[in-house]
Amino acid sequence: MTANLGKRAAMARCGGLSDIADQVSSAGTSSDSKQRNPTAVAFVRESILRQDAEGYARTCEALAAGYPADLARITCPVLLITGADDTSTPPSLAQEIAGK
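This one's a predicted model, so the numbers in the text were calculated from it and none came from an experiment. (Residues numbered from 1 in each chain as written. Predicted model: local features only at pLDDT ≥ 70, side-chain atom pairs only at ≥ 80, totals over all residues. Heavy atoms only, no water.)

Student: Is there a simple way to explain a nonpolar patch on the surface in this structure?
Tutor: Judged by side-chain polarity, I74, V78, L80, L93 and I97 come together as a nonpolar surface patch covering roughly 370 Å² of accessible area. Here L80 lies in the loop between helix 5 (53–65) and helix 6 (91–99). Of the residues examined, L80 reaches a relative accessible area of 37% and is grouped as partly exposed. (Patch = residues over 30% accessible without salt bridge, like charges linked within 9 Å, V, L, I, M, F, W, Y side chains within 5 Å. Areas by Shrake-Rupley, 256 points an atom, 1.4 Å probe, with all protein chains shown as cover. Salt bridge = Lys/Arg side-chain N within 4 Å of Asp/Glu carboxyl O. Helix = DSSP H or I, 4+ residues; strand = E, 2+ residues; numbered from the N terminus. Buried < 20%, exposed > 50% of the residue type's maximum accessible area, 1.4 Å probe, protein only.)

Student: Would you mind going over the nonpolar core with me for this structure?
Tutor: One recurring pattern in soluble globular proteins: nonpolar side chains tend to sit buried together. In terms of nonpolar packing, the biggest core is built from 12 residues, these being L5, A9, A12, L17, I20, A21, V24, I48, Y56, A57, C60 and A64. Listed by contribution, the elements that provide at least two residues to this core are helix 1 (3–15), helix 2 (18–27) and helix 5. Broken down by element, the residue count for this core peaks at 4 residues, all from helix 5. (Core = buried A, V, L, I, M, F, W, Y, C linked by side-chain atoms within 4.5 Å.)

Student: How do you make sense of the pattern of salt bridges when you look at a structure like this?
Tutor: One side chain can pair with another of opposite charge once the charged atoms of both are near each other. One pass over the full model with this rule turns up 7 salt bridges. Three or more residues joined by partner-sharing salt bridges are found here, namely R13, E54, R58 and E61.

Student: What exactly am I supposed to notice about the side chain of T29 here?
Tutor: Along the chain, T29 falls in the loop between helix 2 and helix 3 (31–36). Among the polar contacts listed, one links the side chain of T29 to the backbone oxygen of S25, at a separation of 2.5 Å. Contact partners of T29, with chain neighbours within four places excluded, come to V24, K34, V41 and V44. (Polar contact = N/O pair within 3.5 Å; in protein donor to acceptor, adjacent residues only side chain to side chain. Contact = heavy atoms within 4.5 Å.)

Structure follows, in structure tokens:
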């Protein structure tokens, strides 16, 4: 299991989703969004808080147990979208995937 997702699953089970919601809404939104659209940031936080903690933990574990796609097997056109401020999937990662 990916260590970060394992920690997040444990955190959801032990402490609930409040700290996770704070982390995700902070790290998962751009500084521009935080300044110009705080409602969107609040929506991201609220969408985490409204989830069942055990269900969230199990989702983290399922994601951690997954394996990467074999990009060489993709034979159709693919559109990769990212943003300059995306910290989860930055443009450099999209470019790396596109190169494969």
